[in-house]
Amino acid sequence: MDFEAYKEIKMVNIIKIKISVGMNDKFLKPYEPKETEENIYKLWEKSGLFSPNKTKSDETFSIILPPPNVTGNLHTGHAIMLAIEDIMVRYNRMLSKKTLWVPGTDHAAIATQSKVEKEIYKKEKKNRHDLGREEFLKRVQKFAEESHDTIINQTKKMGASLDWSREAFTLDEKRNFAVKTAFKKMYDAGLIYRGYRIVNWCPKCQSTLSDDEVEHEEQKAKFYTFKYSSDFPIYISTTRPETKLGDTAVAVNPNDERYKKYIGKEFEIKKFADGPDLKIKIIADENIDPEFGTGAVGITPAHSHIDYEIAQKNNLPIIKVIDEHAKTTNEAGTEYAGLKIKEAREKVVEYLKKNGLLEKEEEIKNNLSICYRCNSSIEPLPSQQWFVDVNKKFKLKNSKLKGLKTGQEVSLKEIMKNAVESKQIEIIPDRFEKVYYHWVDNLRDWCISRQIWYGHQIPAWRRTQIGADNKTQIHPVKSSEAGAEQFNRASADKKENIYVGTNPPKDIENWLQDQDTLDTWFSSGLWTFSTLGWPEETPDLKTFHPISVLETGYDILFFWVARMILMSGFLLEDIPFKKVYLHGLVRDEKGRKMSKSLDNAVDPIDAINKYGADALRMAMIVGVGPGNDLVINDEKIKAYKHFANKIWNATRFVLSNTQDFDSHLEAEPPSEISDFDKKCLDELDELKKDVKKDMDNFKFYLAGEKLYHYFWHKFADIIIEESKNNIKSSNPKEKLSTQYMLITILKTCLKLLHPFIPFITEEIWQNIKNKNDKEFLMIENWPANQENKKTRKQ
């Protein structure tokens, strides 16, 4: 037994002797979160007070829950998100605003499909193709529903006061219609197009990834410096000699004296590395660093994003030498076709050594591009995919964007940058603005098609049969054949042979729908307004959009935040939110990111079962500013369990010594207040001012810390101790003054603490409220200062 528990039991025994009537028996026992939290949440839900419809105020506060993925349980990242957002919501609700917090979950396409595929293979030794699309999607849906129920129950355990009547799912019918509507609008405006461009391809997931979904891992790599042939005048360097089978140029800096004379010349390389014939053109590019390597770069347009862009500017051919299974293609030459990348690399290096073309081989540190889901190496390669054009101009029709007028032509990129530059959207903390601008400035067209089954199927159809008036007849393709490849060859790439719509074409038998699905972030990008009823003009959309705040982790600033600004900017010509509050990552005491693989994760539900949700919430808030990473451990959570006990014990003392206090006197101070009590109440007023200022400025970490120190070290340790003599005074005025002061401070502190620790404060409120108080603490008015109240008399 620890010292705090010992003190609590001792105090309870003393109180039991002193009190026989008038106080709820539960305060004679230690506080038990397990016995309280579930019952309190049920009371809140039954009351209907999570809905904004219960409030008549014209002032609104709205926020949407970043939807957790239906891939399993909540983790600590979700827990800190729920704690911060619930603080915002409860605070604004107590300010009497019409407050809405929309709940929902994300289908998390690749992650969910991958998890289900692994489970099926583990149990049945089958893959999704063995099951077929329809049966596989049934299995995924069942898994998603089970995960959803677990996530919702865990969210409630955190005390999140969400309006469950408005719950959404990124793949439900309403959101699916919103996605199809958005796709069509963007396609019709020329912002969505289908093109053959270089993409990030994951050979293991067998799907494309957006640039943001590619992570980088430092590794040791071999850096080879060589010439294509003995008579080629320039050495180049690379870590991937196998890709040189697809080179079409060598780029040099135009000011590099070593290579000026070669610029514009073309060299033919016969059977490079016993593979294909190469035509290498020497081109000039100012971005080439003369000091790096040899100052010359072999250009492989098919397998490097940078090289692809250089190729586009210089009209270079694109030769694909690596395929979707990470094997070399026929274009790499008959000697290489079908080899794995490692085998092809070894073969090229062996040829270079044998023919005296390799100048040197050195070991360097290199950033390897890997898939954020499966950690496999990413292959940049050209593919026919759907893209969002971020640079194409379109005309604003009804602009609500600051500084951008109706009729003005803008690009999505310009909308994204302007929203933050104009201060129409504020990012908290503001140091992330530079990170945001850097990402927008370097943004390429967004690849939105994914080669998976679970998700929003692309609402595009292609003719499989042109018609009798057209000499070119294309035979219908069986629907069982492979998706994207089948779609590509179903018809020529003419726009009149592609149909995009929210409903299938009428003569559906002559059309084939694209089998690919959309990037999860496409549907998530609509979240602030699709959850409020868009594309319909609903009362919720008119009342609550743009939402007041988007709260999320800084690690998805690009994945999600930027894309919501993009989507809202085009589809609504408005911002999606007024402020962005970014929280940090949760780490262990060694500074490592928490993960299952490191076995260092704190399970939020385990912590709640052990210490209570209030303790976990406080541990995640106090001392952690916006954008800063959080170190969490068992001891920190346990410390705030002791804080909950302190509040419970202080309440017990106040109740046991104010049973004869007339509750009608709470509204106004007694005619005479002692100097000590007046000083205590004045200090309380200063605390209220400080806390409100911090809350309004999103400094929840400071507000929580001030309340913690005030209640424990000021109220419990000093004020209560020094009031013990006065509370027993034979002078009725002196006793009344002290009783009034104690009750006022206790009730005010419960209100101030409620957004942070809602369960224990509501539980106490339900047992100490009087006829003048509201039924629930969660809708009590936020404590106002006393300046306008009757002057306290001494």
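Residues numbered from 1 in each chain as written. Predicted model: local features only at pLDDT ≥ 70, side-chain atom pairs only at ≥ 80, totals over all residues. Heavy atoms only, no water.

**A few points about the sheet that holds strand β20 (residues 460-463)**
Read across the sheet, three strands follow the order β21-β20-β22 without closing on themselves; strand pairing throughout is antiparallel. Two strands close off the open sheet at either side, each with one partner strand: β21 (498-500) and β22 (511-513). Direction aside, neighbouring strands of the sheet carry axes that sit 30° apart on average. Two strands pair when backbone bridges link them, and β20 and β21 are joined in this way by three bridges, in the antiparallel orientation. Bridging from a neighbouring strand, Arg 462 pairs with Ile 498 of β21. (Pairing = 2+ DSSP bridges. Helix = DSSP H or I, 4+ residues; strand = E, 2+ residues; numbered from the N terminus. Axes fitted to C-alpha atoms, helices over the stretch in contact; angles between N-to-C directions.)

**Some thoughts on the state of the cysteines**
Evaluated as defined, the whole model comprises zero disulfides. Among the cysteines around Cys 202, which has no disulfide bond, Cys 374 carries the closest sulfur, lying 3.5 Å off. Owing to a relative accessible area of 0%, Cys 202 belongs among the buried residues under this scheme. In this structure Cys 371 is a free cysteine whose sulfur lies 3.7 Å from that of Cys 374, the closest cysteine sulfur available. (Disulfide = S-S within 2.5 Å. Buried < 20%, exposed > 50% of the residue type's maximum accessible area, 1.4 Å probe, protein only.)

**Digging into the sheet that holds strand β10 (residues 266-269)**
Here we have four strands laid out as an open sheet, ordered β10-β11-β9-β12, and mixed in their pairing. Two strands in the sheet have a free side with no partner beyond their single neighbour: β10 and β12 (296-299). Ignoring which end each strand starts from, the neighbouring axes of this sheet average 25° apart. Where strand β9 (residues 249-252) meets strand β11 (residues 278-284), four bridges bridge the pair, whose relative direction is parallel. Among the inter-strand pairings, Val 250 is bridged to a residue of β11, identified as Ile 282.

**What to know about the pattern of salt bridges**
In the structure shown here, the tally under the stated rule is 49 salt bridges. Among the salt bridges present, the one from Asp 441 reaches Lys 417, with a minimum N-O distance of 2.8 Å. One end of the pair, Asp 441, is in helix α11 (residues 432-441); the other, Lys 417, is in helix α10 (residues 412-421), with 24 residues separating them in the sequence. Judged by its relative accessible area of 42%, Asp 441 falls in the partly exposed class. On the basis of relative accessibility, which here comes to 23%, the residue Lys 417 falls in the partly exposed class. One salt bridge in this structure joins Lys 610 and Asp 634, with 3.1 Å as the shortest N-O distance. (Salt bridge = Lys/Arg side-chain N within 4 Å of Asp/Glu carboxyl O.)

**Some details on the packing of helix α7 (residues 173-188) against helix α16 (residues 557-571)**
It is at 11 Å that the axes of α7 and α16 come closest, and there the two elements cross at 70°. Judged by the inter-axis angle, α7 sits roughly perpendicular to α16. When the axes of α7 and α16 are compared, the crossing they make is left-handed. Between α7, through Ala 182, Lys 185 and Met 186, and α16, the contact on the second element is made entirely by Leu 566, Met 567, Phe 570 and Leu 571. The residue inventory of the contact of α7 with α16, partitioned by class, reads six nonpolar, no polar and one charged. (Parallel < 35°, antiparallel > 145°, perpendicular 65-115°, else oblique. Left-handed = near helix turned anticlockwise from the far one by under 90°. Contact = heavy atoms within 4.5 Å. Nonpolar A, V, L, I, M, F, W, Y, C, P; charged D, E, K, R; others polar.)

**So, the packing of aromatic side chains**
Per the counting criterion, the structure on display carries 37 aromatic pairs. Between Tyr 193 and Phe 387, the ring centres sit 5.6 Å apart and the planes meet at 20°, which makes this aromatic pair stacked. Here Tyr 193 is found in strand β5 (residues 192-202), whereas its partner Phe 387 is found in strand β14 (residues 379-388), with 194 residues between them in sequence. Between Phe 529 and Trp 534, the aromatic rings sit 5.3 Å apart at their centres with planes inclined by 90°, giving edge-to-face as the arrangement. An identical accessibility class is assigned to Phe 529 and Trp 534; each is buried. By the ring-pair criterion, three or more aromatic residues cluster together here, those being Phe 226, Tyr 228, Phe 232, Phe 267, Phe 272 and Tyr 351. The cationic tip of Arg 197 hangs over the ring face of Phe 387; the distance from NZ or CZ to the ring centre is 5.5 Å. The ring of Trp 446 carries Arg 563 above its face, with NZ or CZ at 4.4 Å from the centroid. (Phe/Tyr/Trp six-rings, centres within 6.5 Å; stacked < 30°, edge-to-face > 60°. Lys NZ or Arg CZ within 6 Å of the ring centre and 35° of its normal.)

**Quick word on the pairing of strand β24 (residues 547-553)**
The buried fraction of β24 is high, at seven of seven residues. One ladder, built from six bridges, connects β24 with strand β25 (residues 577-583); its direction is parallel. Paired with Gly 553 across the strands is His 583, a residue of β25.

**Let's talk about helix α17 (residues 604-611)**
Since the α-helix turns once every 3.6 residues, residues separated by three or four places project in the same direction. For α17, every residue scored as buried is listed here: Pro 604, Ile 605, Ala 607, Ile 608 and Tyr 611. Along α17, the residues classed as buried sweep out an arc of 160° about the axis, all on the same side. Next to the buried residues of α17 lie α2 (33-47), α3 (76-94), α6 (133-157), α18 (613-621) and α19 (634-656). At the N-terminal boundary of α17, the capping side chain belongs to Asp 603, with an oxygen 2.9 Å from the backbone nitrogen of Ile 605. Backbone geometry just after α17 places Gly 612 at a positive phi near 100°. (Arc of directions from axis to C-beta. Polar contact = N/O pair within 3.5 Å; in protein donor to acceptor, adjacent residues only side chain to side chain.)

**Quick word on helix α9 (residues 341-354)**
The end-to-end C-alpha distance of α9 is 20 Å, a good match for the 20 Å that 14 residues give at a rise of 1.5 Å each. All of the buried residues in α9 are Ile 341, Ala 344, Val 348, Val 349, Tyr 351 and Leu 352. Angularly, the buried residues of α9 cover 160° about the axis, an arc narrow enough to put them on a single face. Facing away from the buried surface of α9 by more than 90 degrees, the exposed residues are Lys 342, Glu 350 and Lys 354. Structurally, α9 contributes buried residues whose contacts are with β7 (214-226), β13 (358-371) and β14. Of the residues trailing α9, Gly 356 is marked for its positive phi of about 65°. (Expected span 1.5 Å × (residues − 1).)

**Focus: the environment of Glu 217**
Position of Glu 217 relative to the elements: it lies in strand β7. Residue Glu 217 is classed as partly exposed on the basis of its relative accessible area of 42%. Here the alpha-carbon distance between Glu 217 and Ile 605, two residues 388 residues apart in the chain, equals 32 Å. Non-local contacts of Glu 217, meaning those with residues more than four positions away in its chain, are made with Asn 366, Asn 367, Leu 368 and Ile 370.

**Describing the nonpolar core**
If you look at the biggest cluster of nonpolar residues, it comprises 100 residues, and the most contacted ones within it are Phe 643, Phe 700, Phe 715 and Ile 745. Not counting residues within four places of it along the chain, the set of residues in contact with Ile 745 comprises Cys 680, Leu 681, Leu 684, Tyr 710, Phe 715 and Ile 719. Counting residues in each nonpolar core, the second largest holds 68 residues, with Ile 64, Trp 386, Trp 560 and Phe 570 among its members. (Core = buried A, V, L, I, M, F, W, Y, C linked by side-chain atoms within 4.5 Å.)

**Section: the packing of α17 against α19**
Where α17 meets α19, the axes come as close as 10 Å, and the angle between the chain directions of the two elements is 35°. Regarding α17 and α19, the two cross each other, and that crossing is right-handed. Contacts from Ala 607, Lys 610 and Tyr 611 in α17 reach Asp 634, Ile 637, Lys 638 and Lys 641 in α19. The class makeup of the residues in the contact of α17 with α19 is three nonpolar, no polar and four charged.

**Digging into the side chain of Asp 574**
In this structure, Asp 574 sits in the loop between α16 and β25. Other than its neighbours up to four places away in sequence, Asp 574 contacts Lys 400, Leu 401, Gln 424, Pro 546, Ser 568 and Gly 569.

**Re the confidence of the model for the chain**
The predicted model of the chain has a mean per-residue pLDDT of 90, with 90% of residues at 70 or higher. Here residues 9-21 scores under 50 on pLDDT; set against residues more than four positions off or in separate chains, the count is 14 contacts. Here residues 787-794 scores under 50 on pLDDT; set against residues more than four positions off or in separate chains, the count is 18 contacts. (pLDDT = per-residue confidence, 0-100.)

**Let's talk about the pairing of β5**
Burial within β5 is extensive, with eight of its eleven residues counted as buried. Alignment of β5 against β14, held across ten bridges, turns out to be antiparallel. When the bridges of β14 are listed, Ile 198 appears paired with Pro 382. Pairing of β5 with strand β6 (residues 207-209) involves three bridges; the strand directions are antiparallel. Bridge assignment links Asn 200 to a residue of β6, and that residue is Leu 209. Linking two consecutive strands that pair antiparallel, namely β5 and β6, is a turn of four residues; a positive phi of about 55° is found at Gln 206 within it.

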